[in-house]
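Spelled out from the first residue to the last, the chains are:
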Amino acid sequence: MPVQTDAPGIPLLGNATGLSCRECGNTSPLGPYYACEMCFGPLEVCYDFPRLTRADIEAGPNNIWRYAQLLPVPADIADRPTTQPGYTKLIRADGLAAELGMRRLWIKDDSGNPTHSFKDRVVAVALAAATEMGFKVLACPSTGNLANAVAAAAARAGIRSVVLVPANLEMQKILTTAVYGGTFVTVDGNYDDVNRLASELAGEHEDWAFVNVNVRPYYAEGSKTLGFEIAEQLGWRLPDQIVVPVASGAQLVKIDKGFTELAELGLVESTPWKVFGAQATGCSPVSEAFAQGWDVVRPVKPDTIAKSLAIGNPADGPYVLDVVRRTGGAVADVSDAEVVDSMGLLARTQGVFGETAGGVTVGVLRKLLASGQLDPDAETVIINSGDGLKTLDAVAPTVTVPAMIKPTIDAFQAAGFEAAPLS
Ligand SMILES: Cc1ncc(COP(=O)(O)O)c(C=O)c1O
Ligand SMILES: [Zn+2]
C-alpha cells in the first residue's frame, strides 16, 4: 500500500502517489500542477495500486466510485455529495449491427449520466481531487456538456461554479447549464478563445479549479471509468475494437489507459484491442494528422454542427495519434450531413437518441467499415457520449412532424395511419 500522509499540502487521493510528465517522465508530488516544470509537457497521475479483485469492484456502488481504488480520489468518496455518475448501460446493438453487416456490436450509452453526457465522470473526479487540494470554486471552459456537468456537480456539492462557453452554443445546453445557478458566462468567440480566457483566469484566481485546465491530470482520469465499465459489463473481457469521439482527445486516451490498467492488474485477460477516433470533418485536426502521417496536430478553426467536438487545438491530439497507431486503429471524419443521417440511423435501429457526437461516432463506424479498416466480424463497442435532446436543431429539419387530425377513428383512417410502415 502507498505511504500516505496528512502533512499540509499533500492531498489524500486514494492510491495516487504523484504526477509524472508524459513527455520526459519527470515526477512531482500530488498537487494542483498540470504542466511539467522541466519541459512543460502534460502531467499524468501515477499510482501504487493495491491487489484488487473483481469481487472487490463488484461489491462497490453502481457508479464510478466502484473503481475508486483506481482513481485519484479520497477513500471515502462514495459517501460525499457527488452526482454519482457512471455505470451507464452497455446496449447490445443487434439492430444497428444488422444494418451495417456486423456481428457483435455494443453501444456504451453515456447519455444515461446525471447531466446526460460522459462529462459527469471527469467532473466528479476533478471535483473530488480539487476539494481535497483546497480549491473553493469549480470552473471550466466548455463546448457545452462540460458546462452542464460542472454546474450540476458544484450545485450538489454546495460550492460555487464558474462556467464559460462560446455564445453560439445550442440553446438546450445553455438552458440546462443556467438552471443549476452559479456564475455562467457566454463568450463572443469559439471554444479555443474561451479556453485561452480560462487559462488567464486560472492564473488570476488561485482558488478556482478549472477542471480541464489546472486540475486536468485528475479530471482526465475520470474517463478511464468508461474503459473499466465496458470491460466489466462484457463479463470482464476487452472488446476487439472501440470507436470513440474525439474533441480534446482525453476520453479516447483514457479509455485505452483503463483497458491497459485492467490487464496489468490481472482483472481481464490481456487480449489485443484497436482504438478508433471519430471527428466531424468541420473540425478534424486529429483525423487530418492521422491521414497525413504527422506526429503533430495542426490547429484548425472549427465549423461543424458537432459543437461538443469543436476543439480546433486539441490538447491530447498527439496522444490520440500514439494510441491509435500503437493499437492498429485509425482516426476518421464525417461530414455534417453524415452526422445527422447517422443520428437518425442510431435512433431508428436502436432506440438510442444520441447527440451530434454520437452521430459522428456512428458515421465514422460506417465509414471505417466501408473502407475495410474496421472488421465487421470483430466484437466492437461504440461510445454514445451525449444526449440528442441537447442537439435538437441538428435533427429538426430531417424529422417529419405528423399532421394534426380530429380525435375520431374516421380521421385516423382517412389520414392513412393504419397502413404506415414500422419506420
Ligand atoms: C458529448 C461529447 N462527446 C465527446 C467529447 C470529446 O471528449 P474529449 O474532449 O475528451 O475528446 C465531448 C467533449 O466535450 C463531448 O461533449
Ligand atoms: Zn517533462
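As a reminder, the structure under discussion sits directly above these lines.
Throughout what follows, the structure given in this document is the object of discussion. Since we're looking at a predicted model, the values are computed, not measured. (Residues numbered from 1 in each chain as written. Chains lettered and ligands numbered in written order. Predicted model: local features only at pLDDT ≥ 70, side-chain atom pairs only at ≥ 80, totals over all residues. Heavy atoms only, no water.)

### Brief notes about the coordination of the zinc ion (ligand 2)
Each angle at a metal carrying four tetrahedral donors should ideally be 109.5 degrees, and each at a metal carrying six octahedral donors should ideally be 90 or 180 degrees.
Part 1 of the argument: The coordination sphere of the zinc ion (ligand 2), as far as protein atoms go, consists of Cys 21 (SG), Cys 24 (SG), Cys 36 (SG) and Cys 39 (SG), spread over 2.3 to 2.4 Å.
Part 2 of the argument: Each of the four donor atoms bound to the zinc ion (ligand 2) contributes to angles spanning 99 to 120°, and the resulting shape is tetrahedral.
Part 3 of the argument: Of note, the donors binding the zinc ion (ligand 2) are all from one chain and are spaced C-x2-C-x11-C-x2-C. (Donors = N, O, S within 2.8 Å, 3.2 Å for Na, K, Ca; no water. Tetrahedral: all angles 85-135°; square planar, octahedral: opposite > 155°, others 65-115°.)

### Re the site of ligand 1
Part 1 of the argument: The environment of ligand 1 is made up of 16 residues, and the closest members are Asn 145, Ala 247, Ser 248, Gly 249 and Ser 385.
Part 2 of the argument: One nitrogen or oxygen atom from the side chain of Lys 119 is found 3.4 Å from an oxygen atom belonging to ligand 1.
Part 3 of the argument: At 3.4 Å, a backbone N or O of Ala 250 approaches an oxygen atom of ligand 1.
Part 4 of the argument: Contact with the protein chains hides 98% of the accessible area of ligand 1, taken as 390 Å² for the molecule alone.
Part 5 of the argument: The site holding ligand 1 turns out to be the largest pocket.
Part 6 of the argument: Its residues assigned to classes, the shell around ligand 1 comprises seven nonpolar, seven polar and two charged. (Near = heavy atom within 4 Å. Polar contact = N/O pair within 3.5 Å; in protein donor to acceptor, adjacent residues only side chain to side chain. Areas by Shrake-Rupley, 256 points an atom, 1.4 Å probe, with all protein chains shown as cover. 1 Å grid on protein atoms, 1.4 Å probe; cavity = no way out; pocket = protein on both sides within 12 Å on 5 of 7 lines; lining within 4 Å. Sits in = over half its atoms within 2 Å of the grid points. Nonpolar A, V, L, I, M, F, W, Y, C, P; charged D, E, K, R; others polar.)

### As for the side chain of Glu 229
Part 1 of the argument: Structurally, Glu 229 is set in helix H8 (residues 224–233).
Part 2 of the argument: The exposure class of Glu 229 is buried, given its relative accessible area of 0%.
Part 3 of the argument: Among the polar contacts listed, one links the side chain of Glu 229 to the side chain of Arg 121, at a separation of 2.8 Å.
Part 4 of the argument: Residues within four places of Glu 229 in sequence aside, it is in contact with Ile 64, Tyr 67, Gly 86, Tyr 87, Thr 88, Lys 108 and Arg 121. (Helix = DSSP H or I, 4+ residues; strand = E, 2+ residues; numbered from the N terminus. Buried < 20%, exposed > 50% of the residue type's maximum accessible area, 1.4 Å probe, protein only. Contact = heavy atoms within 4.5 Å.)

### Some words on the nonpolar core
Part 1 of the argument: Within the largest apolar cluster, 38 residues are counted, with the highest numbers of intra-cluster contacts made by Ile 242, Leu 252, Leu 262 and Val 320.
Part 2 of the argument: Of all the secondary structure elements, the ones that give two or more residues to this core are H8, strand E10 (241–245), helix H9 (250–264), helix H10 (285–292), helix H11 (317–327) and strand E13 (380–384).
Part 3 of the argument: Counting residues per element, this core draws most heavily on H9, at six residues.
Part 4 of the argument: Setting aside residues up to four positions removed in sequence, Leu 252 forms contacts with Val 244, Val 246, Val 275, Phe 276, Gly 277, Val 320, Val 323 and Val 324.
Part 5 of the argument: Leu 19, Phe 135, Leu 169 and Val 215 belong to the second largest nonpolar core, which has 36 residues in total. (Core = buried A, V, L, I, M, F, W, Y, C linked by side-chain atoms within 4.5 Å.)

Geometric descriptors of this kind do not, in isolation, establish any biological role.
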